[in-house]
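Here is how the chains run, residue by residue.
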Number of protein chains: 4
Amino acid sequence: MEKRFYAIIVGIGPGIGSALAFQFAKFYPVVLISRHSSSYESIVTDIKAHGGHAMGITADASDPNSIDAAFGRIERDMHGANLALAAYNARGTFARKPFLEFKVEDLQANMAAEATIPLLLTSVQSSPRPPSLLVTGATASLRGSAFFSTVAAGKFAQRAVTQSLAREFGPQGVHVALAVIDGGIDVPWAKHIVINGGVEDGKLKPDAIASSLWHLHTQHRSSWTLELDLRPYVEKF
Amino acid sequence: MEKRFYAIIVGIGPGIGSALAFQFAKFYPVVLISRHSSSYESIVTDIKAHGGHAMGITADASDPNSIDAAFGRIERDMHGANLALAAYNARGTFARKPFLEFKVEDLQANMAAEATIPLLLTSVQSSPRPPSLLVTGATASLRGSAFFSTVAAGKFAQRAVTQSLAREFGPQGVHVALAVIDGGIDVPWAKHIVINGGVEDGKLKPDAIASSLWHLHTQHRSSWTLELDLRPYVEKF
Amino acid sequence: MEKRFYAIIVGIGPGIGSALAFQFAKFYPVVLISRHSSSYESIVTDIKAHGGHAMGITADASDPNSIDAAFGRIERDMHGANLALAAYNARGTFARKPFLEFKVEDLQANMAAEATIPLLLTSVQSSPRPPSLLVTGATASLRGSAFFSTVAAGKFAQRAVTQSLAREFGPQGVHVALAVIDGGIDVPWAKHIVINGGVEDGKLKPDAIASSLWHLHTQHRSSWTLELDLRPYVEKF
Amino acid sequence: MEKRFYAIIVGIGPGIGSALAFQFAKFYPVVLISRHSSSYESIVTDIKAHGGHAMGITADASDPNSIDAAFGRIERDMHGANLALAAYNARGTFARKPFLEFKVEDLQANMAAEATIPLLLTSVQSSPRPPSLLVTGATASLRGSAFFSTVAAGKFAQRAVTQSLAREFGPQGVHVALAVIDGGIDVPWAKHIVINGGVEDGKLKPDAIASSLWHLHTQHRSSWTLELDLRPYVEKF
């Protein structure tokens, strides 16, 4: 555990966010940001019980004031430590959404980036691994399907921002990458949803996703990945 | 001139919008929508002088009430006629933009689509050519470059919406397509900007773009294009 | 009819090749190259009957000597005329193919290009439209599907060659473009094959494809398309 | 070291091939296939000196008889062991190449796949990690640049084959993936070639590439990557 560095995860749930928290907590103290404390409380408790360091912050990523307050608190509580790793994991609901939500989601993507990039830049010289901003996308990052224009608009925009940030801040030493999650995720609340015929491992295991995101963080700066596709072995694509 | 059908162009300037107006006016009465009447007045006059039919409407495409009013007026003035062709041409400024403008631009894309798709659907049986919604994109539709995250986010989102609409409304007979304008445009106000070494035809001629968009409109429904790239012969890409 | 310029079509059948011949013959004398004279004889007769100019050449595009002989004959017979337009239309069979055929098909693509590019370059200054090399690809140009590795390898390779030639010879004035035919083609011998539920216009009409390829040839050099996707309005993609 | 499983690397040199050998040898006995014994001899010696298991086979991957003989020997020598991992690393020379070499290179890709896929399939139930066929591509896998049509044709074809094999054999449990190496590689013989201004880590370190390929092999089958891009942090793209 390197206490001089920490990780932030924006967007916590029982799936990817939780798996990222446990994965990152093996190496760094983790800060979990979510709208509801119920999303992170048990994770924080669990990490601490295993000797790790974790704190949760309740914030609405669509509200600039809320984000400002959250990062203000992070800078106070993490005084003397540097941000080594930030993951932005806003999955949203994958149903037809009212237009307003799209704007909010996209705003989140921008604000999370705006808030973390400066912190990551200050860690370039000292961080044990290249400071990283990792974003989780979806099938809709690459394809605008019928009836999903709003979801796809948000995910396409998120991919655009990720590419732009990678090209701007990569040469300065910050690794920005997008993981395109192309399939259903194996989360407790979706056990009843049958995907790929219900075959074993037909949904992405959150721990497997977290393992690949961690690999992105460990990549040597001479050999960085920008976009990583992830899908179950049985997925049609 | 088929008066039972008309065309709408959202976004008028001295470049692509103007060229589309003159191209479409050879076949249909045209409705030109812009924020400022100065953008369309001379075009309307010119088209009328050559025996065509044109009208201009001042509207702010980022304001739902303004768009509602514009389309209300169109339905009154065009009573009895059907929409055969709509072009959405919002080029915006290609400089680093404040985040707020991105939302506005994207909102425009959605509202223009929301307003025209129902009108185009009612023309499927009668229109002399497949009713079409044509959108003009840019290099940033396909690539998030450094420092252009806001532009790219808007153009990526626009491409996502275009794809989704094409997949939803194509099978119902409405041709939705994106023209990706990959280069500088030869407009009077940009004569001083040197692109591709200042070589002849090193910028896209608006008339040439209009010709290719018109081709998209004339494509038989058995053989439609979704995305059309356009660039000067000397462009590096 | 501009007799000082002519067109070549490599790959003639009852579908796209035939439609290209009739389309191009409205503007240029056409040279049709095929392995079997039976593929072009009736087309040549038909074009002549309508006042056009056409000649057929039997050649095996996979045999360098055969191609050399064919182009030798073209240069003799067309003495004084310039090549304005070449279309390379090798559809092949879209079944699992033995590996050997792949090499042959790819060889064709290269040889056709090698043979026509120099002729097209000499027409840059004089041709009424930008001299063009147009290639017809397929869904497999963009996607390697299960069981179709050989077809996809050939079509991917063809796309690579097309891109490279476009980037090399475009700035010299030759328009190289790929049309990606993404769907079943409505040819007499395939009437019994049901695609898209047998709906009207659910297969690409060869005339519609020819119309779009002709548009590519007419594009002003300030605004060229590199890759044009074409598919039926009801196609799932 | 799990002796019941082994790895094969086709294409050995002082760069990626060598790094893959050392990386894989930490976990499996490795079989190194190259045209010249001088390419693998010192690597085999080095791996053995560190307690690993390695053998070299001289074979010409473009000669079916040679490949048959090589795999015949592998099956004899590895009797009782199963293939867990095969890497196909044919970088070729990135200069303008005569057409004949392209065919050879592509042939290699197919034969290597044909020879290893059946062996990998038999390991699906027993292998400690999903049996994997990993292929190294290049910038030219995604882009046909001017003057590089032959290189790009080969790399595009290789990508097509990789996609097709992934879609065919992925659902059967074999992980097929392509690593797109987008930059110069830091090999001893290329020290004098200045890339990215000669900045530190401006070329891909072979060990870093090997680390990411190993990660692909360790991915859980619920979350597999098909295509992994790798480039230096300072690379323009």
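The residue numbering used here restarts from 1 in each chain and proceeds along that chain's sequence as written. Chain letters and ligand numbers both follow the written order, the letters beginning at A and the numbers at 1. Owing to the predicted nature of the model, reporting of local features is limited to residues with pLDDT of at least 70; listing and counting of side-chain atom pairs is limited to 80 or more, with chain, interface and lining totals taken over all residues. Think of the side-chain values as coming from all heavy atoms in the structure, minus any hydrogens and water.

Here a helix means four or more residues in a row that DSSP labels H or I, a strand means two or more in a row labelled E, and each is numbered from the N terminus. Helix and strand counts for chain A come out as 6 helices and 7 strands. Reading chain A from its N terminus to its C terminus gives the helix and strand order β-α-β-α-β-α-β-α-β-α-β-α-β. Expressed as a percentage of the 237 residues in chain A, the buried residues total 64%. Should any heavy atoms of two residues lie within 4.5 Å, those residues are considered in contact. Restricting the contact set of chain A to residue pairs at least 6 apart, pairs at least 24 apart contribute 69%. For every accessible area listed, the method is Shrake-Rupley and the probe measures 1.4 Å; residues are considered covered only by the protein chains on display. Of the accessible surface of chain A, which amounts to about 9,000 Å², a share of 54% is contributed by carbon and sulfur atoms. The buried label applies to any residue whose accessible area, calculated with a 1.4 Å probe on protein chains only, is under 20% of its type's maximum; exposed applies above 50%, and partly exposed to all values in between.

Looking now at the interface of chain D and chain A. Every contact between the two is made by 31 residues of chain D and, on the other side, 31 residues of chain A. Buried area is understood as the total, over both parts, of accessible area removed when two parts are fitted together, assessed with a 1.4 Å probe. Summing both sides of the interface, chain D and chain A together bury roughly 2,800 Å²; the carbon and sulfur share of this comes to 51%. Two residues, Asp 201 of chain A and Arg 221 of chain D, come together in a salt bridge whose shortest N-O distance is 2.7 Å. In the analysis that follows, any N or O atom pair within 3.5 Å is treated as a polar contact, provided that within protein one partner can donate a hydrogen and the other can accept it, and provided that, for residues neighboring in sequence, both atoms belong to side chains. Inspection of the region where chain D meets chain A yields 20 residue pairs in polar contact (both at pLDDT 80 or more). Here the side of chain D that touches chain A gets 5 residues from one element, more than from any other, and that element is helix α6 (residues 206-218) of chain D. Under the scheme applied, nonpolar residues are Ala, Val, Leu, Ile, Met, Phe, Trp, Tyr, Cys and Pro; charged residues are Asp, Glu, Lys and Arg; polar residues are all the others, including Gly. Tallied by class, the residues present in the side of chain D that touches chain A amount to 12 nonpolar, 10 polar and 9 charged. A side-chain nitrogen of Lys or Arg and a carboxyl oxygen of Asp or Glu constitute a salt bridge if their distance falls within 4 Å.

As a further point, take the relation of the copies chain D and chain A. Each copy is superposed on the other by least squares, with the fit set by C-alpha atoms of residues at a pLDDT of at least 70 in both. At an RMSD of 0.0 Å, chain D and chain A line up after a rotation of 180 degrees and a shift of 0.0 Å along the axis. The relationship between the two copies is best expressed as a two-fold rotation axis. In terms of C-alpha distance to the rotation axis, chain D has Leu 228 of chain D as its closest residue, with the C-alpha 3.0 Å off the axis. When you check the interface residues of chain D against chain A, 100% turn up at the interface there too, and the contact is symmetric in its surfaces.

All names here are of chain D. Buried within helix α2 (residues 41-49) are the following residues: Ile 43, Val 44 and Ile 47. Projection of α2 onto a plane perpendicular to its axis shows the buried side chains occupying an angular sector of 100 degrees, all on one side. Projecting away from the buried face of α2 at angles above 90 degrees are the exposed residues Ser 42, Thr 45 and Ala 49. Residues of α2 that are buried sit in contact with α1 (16-25), β2 (30-34) and β3 (54-58). Just downstream of α2, Gly 51 is the residue with a positive phi angle, here 90 degrees. Arc, as used here, means the arc of the directions from the helix axis to the C-beta atoms.

Residues and elements named next belong to chain C. Relative to the helices and strands, Ala 19 resides in helix α1 (residues 16-25). For Ala 19, a relative accessible area of 5% corresponds to the buried category. Sequence separation between Ala 19 and Lys 205 is 186 residues; the distance between their C-alpha atoms is 9.1 Å. Apart from the residues within four sequence positions on either side, Ala 19 is in contact with Pro 206, Asp 207 and Ala 210.

The next subject is the packing of aromatic side chains. Residues and elements named next belong to chain A. Centres within 6.5 Å make a pair out of two Phe, Tyr or Trp rings, where for Trp the six-membered ring is used; the pair is then stacked when the planes are under 30 degrees apart, edge-to-face when over 60, and tilted otherwise. This structure, assessed with the given rule, holds 16 aromatic pairs over all chains. Consider the rings of Phe 27 and Trp 214, whose centres lie 4.2 Å apart with planes at 20 degrees: the pair is stacked. With a gap of 187 residues between them, Phe 27 in the loop between α1 (16-25) and β2 (30-34) and Trp 214 in helix α6 (residues 206-218) connect regions that are remote in the sequence. For Phe 27, a relative accessible area of 26% gives the class partly exposed.

As a further point, take the pairing of β3 of chain D. Residue and element names in this part refer to chain D. Across the 5 residues of β3, 4 count as buried, placing the element largely inside the fold. Paired strands are those between which DSSP finds at least two bridges. In the sheet, β2 pairs with β3 via 5 bridges, with the strands oriented parallel. Residue Val 31 lies in a different strand from β3, and its bridge partner there is Met 55. When the strands point away from the viewer and the connection leading from the first strand across the helix to the second strand turns clockwise, the crossover is called right-handed. This β-α-β element, β2 to α2 to β3, shows right-handed connectivity.

Attention shifts here to the pattern of salt bridges. Throughout the structure, instances matching the rule amount to 40 salt bridges over all chains. A salt bridge links Asp 229 of chain A to Arg 231 of chain A; the nearest nitrogen and oxygen atoms lie 2.8 Å apart. A salt bridge links Asp 201 of chain C to Lys 205 of chain C; the nearest nitrogen and oxygen atoms lie 3.9 Å apart. Each member of the salt-bridge network shares a partner with another, and the members are Asp 186, Lys 191, Glu 200, Asp 201 and Lys 205 of chain A together with Arg 221 of chain D.

The next thing to look at is the confidence of the model for chain A. Residue-level confidence of the predictor is summarised by pLDDT, bounded by 0 at the bottom and 100 at the top. Residue-level pLDDT values for chain A average 89, and 89% of them are 70 or greater. For residues 93-104 of chain A, every residue scores under 50 in pLDDT, and the model assigns this stretch 27 contacts once sequence neighbours within four places are set aside.

All names here are of chain C. Here strand β7 (residues 227-230) shows two buried faces, one formed by Glu 227 and Asp 229 and the other by Leu 228 and Leu 230. With 4 bridges connecting them, strand β6 (residues 175-181) and β7 associate as parallel partners. Within β7, the residue paired with Leu 178 across the bridge is Glu 227. Crossover connection from β6 via helix α6 (residues 206-218) to parallel β7: handedness left-handed.

Quick look at helix α5 (residues 149-169) of chain D now. To estimate how far a helix should reach, multiply one less than its number of residues by 1.5 Å. A rise of 1.5 Å per residue sets the reference length of α5 of chain D, with its 21 residues, at 30 Å; its end C-alpha atoms lie 30 Å apart and thus fit the reference within 8%. Most of α5 of chain D sits inside the fold, with 21 of its 21 residues counted as buried.

Below, the discussion takes up the environment of Pro 14 of chain A. Residues and elements named next belong to chain A. Residue position: Pro 14 is located in the loop between β1 (5-10) and α1. A sequence separation of 174 residues divides Pro 14 from Pro 188, and the C-alpha atoms of the two residues are 7.5 Å apart. Dropping the residues within four chain positions of it, Pro 14 is found in contact with Val 187, Pro 188 and Trp 189.

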